[in-house]
Amino acid sequence: MEKFNLVFIDDNMRDLDLDPFVRTIADLNTDAEVAVFTNPEEGLSYILGHLNTRMIVFLDCKLDGYKLQGIDVLSSIREKTSLLYIVMMSANNLAQMQTSSIIQMINEEYICFFDRNNNLPEDACRVIEKIKQLWNVRFDCVLENWLARHAEDAQKVVLKKDGCGYTWNDILQELRNQTKLGKSFEELVNQYYIYQFTKQN
């Protein structure tokens, strides 16, 4: 099983060993490195420091006692990457949320919503499994899996641009951070494979 990071940011959650919701999910996902944060700033700092790893974030919409709210954390993450899967959680009815926050969540890519009142940890695990299946077809995840099996190639320079050489590890980081270089490289690879497939048929 390949490891991935599973991050929870919720002001009402206790640590991994005490919170039954997190404990159940952790027990059902033994391939996950689990981290729990009640402070959204600490959680955000952790996420931004691990953007080069596969990660799923469960993020509470309403964080009592903190200036930084769930939608603010979502915005800060999206400033750095659009690839990270985020599961927004709420124990409140959606009708109680600000319309602007709902619109912002709907307009984001790679986002799910989880109702803490009406769903069980097992339901959260089904969301996790769906995301893990999507990882099998995402270019950055396919590249990461390939590099795990071909570690000797990770430091090979495969692209030269503006006088700089980029290794496969560099390319993976550019993809995860959704930089201009990362996006253009992915587009180039997609076009190449479409061309090759068309050529063969």
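Just above sits the structure.
Quick caveat: nothing in here was measured; it's all calculated off a predicted structure.

Colleague: Please explain the layout of surface pockets as it appears in this structure.
Modeller: One water molecule sets the probe size; rolling that probe over the atoms shows where empty space is left. Considering only enclosed or pocket space, the second largest pocket measures out at about 180 Å³ in volume. Together, 12 residues line the second largest pocket, and Asp10, Asp11, Asn12, Asp60 and Ala91 are the ones closest to its centre. When the residues that make up the lining of the second largest pocket are grouped by side-chain class, the tally is 2 nonpolar, 3 polar and 7 charged.

Colleague: Got a minute to help me understand the sheet that holds strand 4 (residues 85-90) in this structure?
Modeller: Backbone-to-backbone hydrogen bonds pair the strands of a sheet. The strands run either parallel or antiparallel. One open sheet holds the 5 strands; their spatial order is 2-1-3-4-5, and the pairing between them is parallel. The outermost strands of the open sheet, each flanked by one partner alone, are strand 2 (32-37) and strand 5 (111-115). Shown here is a sheet whose adjacent strand axes are inclined to one another by a mean of 20°, direction ignored. Pairing of strand 4 with strand 5, which is carried by 5 bridges, proceeds in the parallel orientation.

Colleague: Can you walk me through the packing of aromatic side chains in this structure?
Modeller: Two numbers describe a pair of aromatic rings. These are the distance of the centres and the angle of the planes. On inspection of all chains with the given rule, the structure shows 9 aromatic pairs. Here Phe8 and Phe21 contribute two aromatic rings whose centre-to-centre distance is 6.3 Å and whose plane-to-plane angle is 85°, an arrangement assigned as edge-to-face. Here Phe21 lies in helix 1 (residues 20-28) and Phe8 lies in strand 1 (residues 4-9), a separation of 13 residues in the sequence. The pair formed by Phe8 and Phe21 is uniform in burial state, with each residue classed as buried. The interplanar angle of 45° and the centroid separation of 5.3 Å between the aromatic rings of Phe37 and Tyr46 together place this pair among those described as tilted. Taking the relative accessible area as the measure of exposure, Tyr46 reaches 23% and is therefore partly exposed. Each member of the aromatic cluster is reached from another via a ring pair, and the members are Phe8, Phe21, Phe58 and Phe114.

Colleague: Help me understand the pairing of strand 1, please; the structure alone is not making it clear to me.
Modeller: Regular strands place side chains that alternate from one sheet face to the opposite one. Across the 6 residues that make up strand 1, a large majority, 6, are buried. Along strand 1, one buried face is formed by Phe4, Leu6 and Phe8 and the opposite face, lined by Asn5, Val7 and Ile9, is buried too. Looking at chain direction, strand 1 and strand 2 are connected through 6 bridges and run parallel. Its bridge partner being in strand 2, Asn5 is matched across the sheet by Glu33. Where strand 1 and strand 3 (residues 55-60) come together, 5 bridges link them in parallel fashion. Within strand 3, the position partnered with Val7 by the bridge is Val57.

Colleague: How do you make sense of the environment of Trp168 when you look at a structure like this?
Modeller: Checked against the element boundaries, Trp168 lands in helix 7 (residues 168-176). Distance from Trp168 to Leu143, taken between C-alpha atoms, is 8.4 Å for residues 25 residues apart in sequence. In contact with Trp168, other than residues within four places in its own chain, are Leu143, Trp146, Leu147, Asp153, Ala154, Lys156, Val158 and Phe185.

Colleague: Whenever I open this one, the nonpolar core confuses me. Can you help?
Modeller: A general feature of soluble globular proteins is that nonpolar side chains tend to end up buried together. Membership of the largest hydrophobic core comes to 20 residues, with the highest contact counts inside it found for Leu6, Phe8, Phe21, Ile25, Ile56 and Phe58. Every element with two or more residues in this core is listed here: strand 1, helix 1, strand 3, strand 4 and helix 5 (121-135). Considering each element in turn, this core owes the most residues, 5 residues, to helix 5. The contacts of Ile56, once residues within four sequence positions are left out, are Phe4, Asn5, Leu6, Val7, Tyr85, Val87, Ile128, Ile131 and Trp135. Judged by nonpolar contacts, the second largest core, of 18 residues, contains Phe37, Ile47, Leu51 and Leu84.

Colleague: Help me understand the packing of helix 2 (residues 40-48) against helix 3 (residues 70-80) in this model?
Modeller: When two helices pack together, their arrangement is captured by the angle between the axes and the distance separating the axes. Two elements in contact, helix 2 and helix 3, have axes separated by 11 Å at closest approach and are oriented at 15°. One way to sum up the angle between helix 2 and helix 3 is to call them roughly parallel. Considering how the two elements wind past one another, helix 2 and helix 3 form a crossing that is right-handed. From helix 2, Pro40, Leu44, Ile47 and Leu48 reach across to helix 3, where they touch Val73, Ser76, Ile77 and Lys80. The residue makeup of the contact of helix 2 with helix 3, split by class, is 6 nonpolar, 1 polar and 1 charged.

About the criteria used
- Here the residue index of a chain counts from 1 through its sequence in written order.
- In keeping with the predicted nature of the model, local features appear solely for residues at pLDDT of at least 70, side-chain atom pairs appear and are counted solely at 80 or more, and the whole-chain, interface and lining totals rest on all residues.
- To obtain the side-chain values, all non-hydrogen atoms of the structure were used and water was disregarded.
- As defined here, a cavity is a set of points on a 1 Å grid over the protein atoms alone where a 1.4 Å probe fits but cannot get out. A pocket is an open set with protein on both sides within 12 Å along at least five of seven lines, and residues line them when an atom is within 4 Å of a point.
- Grid points are joined across faces, edges and corners, and a volume is the space filled by probe spheres set on the points.
- Nonpolar residues are Ala, Val, Leu, Ile, Met, Phe, Trp, Tyr, Cys and Pro. Charged residues are Asp, Glu, Lys and Arg, and all others, Gly as well, are polar.
- A pair of strands is labelled paired if DSSP reports no fewer than 2 bridges between them.
- Comment: elements are numbered from the N terminus, with helices defined as DSSP H or I runs of at least four residues and strands as E runs of at least two.
- For helices, the axis comes from a line fit to the C-alpha atoms of the stretch in contact; other axes are also lines fit to C-alpha atoms, and the angle between any two N-to-C directions lies between 0 and 180 degrees.
- The criterion for an aromatic pair is that two Phe, Tyr or Trp rings (for Trp, the six-membered ring) have centres within 6.5 Å, with stacked assigned to planes under 30 degrees apart, edge-to-face to planes over 60 apart and tilted to the rest.
- Only protein chains enter the calculation, and the probe is 1.4 Å; a residue is then buried if its accessible area is under 20% of its type maximum, exposed if over 50%, and partly exposed in between.
- Two residues qualify as a contact provided that any one of their heavy atoms is within 4.5 Å of a heavy atom in the partner residue.
- Side-chain atoms within 4.5 Å are what join buried Ala, Val, Leu, Ile, Met, Phe, Trp, Tyr and Cys residues into a set we call a nonpolar core.
- Angular relationships are summarised with four words: roughly parallel below 35 degrees, roughly antiparallel beyond 145, roughly perpendicular across 65 to 115, and oblique for the angles in between.
- Each crossing gets its handedness from the near helix: less than a right angle anticlockwise from the far helix is left-handed, clockwise is right-handed.

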